[in-house]
There are 2 protein chains.
Amino acid sequence: MRYELHYWPTIQGRGEFVRLALEAAGADYLDVARGPEGEGQGVPAMLRFLEGPDVPHPPFAPPFLVHGQLVVGQTAAILLYLGPRLGLVAKNEAQRLWTHQLQLTIADAVAEAHDTHHPIAGSLYYEDQKPEAARRAQEFREFRVPKYLAWFESVLQRNPRGSAHLVGARLSYADLSLFQLVEGLLYAFPKAGRRALAQAPRVQALHDLVALHPRVTDYLASERRLPFSEDGIFRRYPELDA
Amino acid sequence: MRYELHYWPTIQGRGEFVRLALEAAGADYLDVARGPEGEGQGVPAMLRFLEGPDVPHPPFAPPFLVHGQLVVGQTAAILLYLGPRLGLVAKNEAQRLWTHQLQLTIADAVAEAHDTHHPIAGSLYYEDQKPEAARRAQEFREFRVPKYLAWFESVLQRNPRGSAHLVGARLSYADLSLFQLVEGLLYAFPKAGRRALAQAPRVQALHDLVALHPRVTDYLASERRLPFSEDGIFRRYPELDA
């Protein structure tokens, strides 16, 4: 049965963590809000799930996945569901839980990256919270990014199956998400991101390995991969980098 | 086998979501960092897992759970693991995923509550970010709290098994966590919290029902329940309420 991903059609955002998993697995999926409204797709199709009064399990926000009768929101929960179905997580419970724990920590880092340009309110423009953003971005660059990358570096270093992957000896959805986090940091903070990454060579190597995965390479070169932009989570505002 | 919870010993914080689940289930557990150092407990026992170079799955931060060989961090992942073992989640996959999705949304609300007093940096004091906190708290009170509570209200309203519980007709860990979120909001924002809750009568009723659960009642009246304070996630700063 085809997977239906619902997410804002013009940005990578949190939807990208799901897109990468679906693409890397070669899954049959529809990026619904990017499809034609005339065929029952587009943003209105997404809004029906968010605003329809009779949706039994309404998502709080995009992204969400529709698979048959199932509607599941929250990026990490979507990947928890997709992981075993796409062959992107180990079979035993301890490894699955560990992969999920890594994903939740990536989600925390992503939320903090978002708040560098929106430290006060998601409902306001960046332009309305620039002084606060400058302070928060400094903290993020100097302390948070190094702390997160050092932790992922230690996770790779301690993997008994080698440091090529976060969990075991095979690609997992957490690897794909860490790739995307690194991509985002390098886009938004080219100076600070590169500096922090120089201290985390295993994270850098994992990022480079994921980029070489044939299906990922194809995807990144395709029109299905939206560009980073100043409407997404990772935004390049030169005044926030240093 | 006894569960070992590791969390900062003087605050409710994120550890409280795990404590509530363990307490409501009557589980045999040890709150390690609150135990005596002379018996191998206390904060040093917790730090060994966070800082020890040979921990295979190091937690990024407390809380984390140790159960035999398993070490699992991230509040929502801990509850994902404990839920079926404590009888605090349904048996079928769709309901388990839905419960987890609810928990992740509660976690998002908790992170936003934290950032009302720390919008710039967790490494700085509240006193060093008061003007920013005032702005962020206003947004949180006026838009975010009502939005979260309205969503949980609609979830309760749509539960085909009745609005007493978030999922099905039995207590789940998401119910316990929503109770704690409401408790925290009422502590930190007595005015705005009460106002928002008046618009979410089913959430209020769930909160009151959880408080009447015999084991929860016992726990809340015991010394094991730490008080809210201005060192935790939910802080009562009158200037942030209105």
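In this text the structure is predicted, and so the values were computed from the model without any measurement.

Caption draft 1: Up close: the overall build of chain A. In terms of helices and strands, chain A carries nine helices and four strands. For 242 residues, the compact-globule estimate of 2.2 N^0.38 gives 18 Å, and the C-alpha radius of gyration of chain A, at 18 Å, lies within 12% of that figure. Across its three principal directions, the C-alpha atoms of chain A cover 50 × 50 × 30 Å. Taken across its 242 residues, chain A has 46% of its residues classed as buried. When contacts within chain A are restricted to residue pairs at least 6 apart in sequence, those whose partners lie at least 24 apart make up 66%.

Caption draft 2: Representation of the interface of chain A and chain B. Between chain A and chain B, the residue contacts involve 33 residues of the former and 33 residues of the latter. Here the residues of the side of chain A that touches chain B sort into 20 nonpolar, eight polar and five charged.

Caption draft 3: Spatial organisation of the domain arrangement of chain A. All names here are of chain A. As far as domains go, chain A holds domain 1 (3-86) and domain 2 (93-214). Centre-to-centre separation of domain 1 and domain 2, based on C-alpha positions: 23 Å. Residue-level contacts link eleven residues of domain 1 with twelve residues of domain 2. Listing elements by their share of the side of domain 1 that touches domain 2, those giving two or more residues are α1 (15-24) and α3 (75-86). Split into classes, the residues belonging to the side of domain 1 that touches domain 2 amount to seven nonpolar, two polar and two charged.

Caption draft 4: Molecular detail of the sheet that holds strand β1 (residues 3-6) of chain B. Residue and element names in this part refer to chain B. The mixed open sheet is built from four strands, whose spatial order is β2-β1-β3-β4. Of all the strands in the sheet, the pair left with one neighbour each is β2 (29-31) and β4 (70-73). Neighbour-to-neighbour, the strand axes of this sheet turn through a mean angle of 20 degrees, independent of strand direction. Here three bridges tie β1 to strand β3 (residues 64-67), and the two strands are oriented antiparallel to one another. Note that in β3 the partner of Glu4 across the bridge is Val66.

Caption draft 5: Layout of the packing of helix α4 (residues 93-117) of chain A against helix α6 (residues 173-188) of chain A. All names here are of chain A. Interaxial distance between α4 and α6 falls to 9 Å at its minimum, and their mutual angle equals 15 degrees. Taken as axis vectors, α4 and α6 run roughly parallel relative to one another. Judged by the twist between their axes, the crossing of α4 over α6 is left-handed. Contact residues: Thr99, Leu102, Gln103, Ile106, Ala109, Val110 and Ala113 in α4; Tyr173, Ala174, Ser177, Leu178, Leu181, Gly184, Leu185 and Ala188 in α6.

Caption draft 6: Region of the structure containing α1 of chain A. Residue and element names in this part refer to chain A. Buried residues dominate α1, accounting for ten of its ten residues. Of all the residues in α1, the buried ones are Gly15, Glu16, Phe17, Val18, Arg19, Leu20, Ala21, Leu22, Glu23 and Ala24. Buried residues belonging to α1 abut β1 (3-6), β2 (29-31), β3 (64-67), α3, α6 and α9 (214-221). Directly beyond the C-terminal end of α1, a positive phi value near 65 degrees is found at Gly26.

Caption draft 7: Molecular detail of the sheet that holds β1 of chain A. All names here are of chain A. Read across the open sheet, the four strands follow the order β2-β1-β3-β4; overall the sheet is mixed. A single partner strand is all that each edge strand has here, and the edge strands are β2 and β4 (70-73). Neighbouring strand axes in the sheet, compared pairwise and without regard to direction, differ in orientation by 20 degrees on average. Against the sheet, α3 contacts β3 and β4, and its axis sits at roughly 130 degrees relative to β4.

Caption draft 8: Highlighting the nonpolar core. Ala21, Leu79 and Leu178 of chain A together with Ala21, Leu79 and Leu178 of chain B are the most contacted members of the largest nonpolar core, which has 132 residues in total. Those residues in contact with Ala21 of chain B that lie beyond four places of it in its chain are Leu79, Leu82, Leu86, Leu88, Tyr173 and Leu176 of chain B.

Caption draft 9: Molecular detail of the relation of the copies chain A and chain B. The two copies are related by a screw operation: chain A maps onto chain B through 180 degrees of rotation and 0.0 Å of translation along the axis, at an RMSD of 0.0 Å. Read as a symmetry element, the transformation amounts to a two-fold axis. Among all residues of chain A, the minimum C-alpha distance to the rotation axis is found for Pro119 of chain A, at 3.0 Å. When the interface residues of chain A are mapped onto chain B, 100% of them are again interface residues, pointing to one common binding face.

Caption draft 10: Representation of the environment of Ile11 of chain A within the structure. Residue and element names in this part refer to chain A. Position of Ile11 relative to the elements: it lies in the loop between β1 and α1. Each C-alpha atom of the pair Ile11 and Val145 lies 23 Å from the other, and the pair is 134 residues apart in sequence. The residues contacting Ile11, other than those within four sequence positions of it, are Leu226, Ser229, Asp231 and Gly232.

Caption draft 11: Structural view of unusual backbone geometry. Following Pro62 of chain A, the chain continues to Pro63 of chain A via a peptide bond in cis, the omega torsion being 0 degrees. One can find Pro63 of chain A in the loop between α2 (42-51) and β3. In this structure, Gln74 of chain B takes a positive phi of about 75 degrees despite not being glycine. With respect to the element layout, Gln74 of chain B can be found in the loop between β4 and α3 (75-86).

Caption draft 12: Examining the environment of Leu156 of chain A more closely. Residues and elements named next belong to chain A. Tracing the backbone shows Leu156 in helix α5 (residues 130-158). Judged by the 22 C-beta atoms lying within 10 Å of it, Leu156 is buried. As for Leu156 and Gly68, which are separated by 88 residues in sequence, their C-alpha atoms are 36 Å apart. Non-local contacts of Leu156, meaning those with residues more than four positions away in its chain, are made with Ser163, Leu166, Arg202, Val203 and Leu206.

Conventions adopted
Sequence positions are assigned chain by chain, starting from 1 and proceeding in written order. Here every chain gets a letter starting at A, and every ligand a number starting at 1, in the order they are written. Side-chain atom pairs in this predicted model are given and counted only at pLDDT of 80 or more, local residue features only at pLDDT of at least 70, and totals for whole chains, interfaces and linings cover all residues. Numbered from the N terminus, helices here are DSSP runs of H or I no shorter than four residues, and strands are runs of E no shorter than two. Both definitions apply: the radius of gyration is a C-alpha atom measure, and the globule rule equals 2.2 Å times residues to the power 0.38. Exposure criterion: with C-beta atoms placed from backbone coordinates, a residue whose C-beta has 20 or more other C-beta atoms within 10 Å is buried, one with 12 or fewer is exposed, and one in between is partly exposed. C-beta atoms are placed from the backbone for every residue, and two residues are taken to be in contact when these atoms lie within 7 Å. Side-chain classes follow a simple rule in which Ala, Val, Leu, Ile, Met, Phe, Trp, Tyr, Cys and Pro form the nonpolar group, Asp, Glu, Lys and Arg form the charged group, and the remainder, Gly included, forms the polar group. In this entry, domain limits derive from an automatic or database-based domain assignment. Following DSSP output, two strands are said to pair if at least two bridges run between them. Axis lines are fitted through C-alpha atoms, for helices just across the contact stretch, and the angle between N-to-C directions can take any value from 0 to 180 degrees. Here the angle decides the label: under 35 degrees means roughly parallel, over 145 means roughly antiparallel, 65 to 115 means roughly perpendicular, and every other value means oblique. Note on convention: near helix rotated counterclockwise from far helix by under a right angle means a left-handed crossing. Clockwise means right-handed. Note on terminology: a nonpolar core is any set of buried Ala, Val, Leu, Ile, Met, Phe, Trp, Tyr and Cys residues joined through C-beta atoms within 7 Å. Overlaid copies result from least-squares superposition on C-alpha atoms, with residues included only where pLDDT is at least 70 in both.

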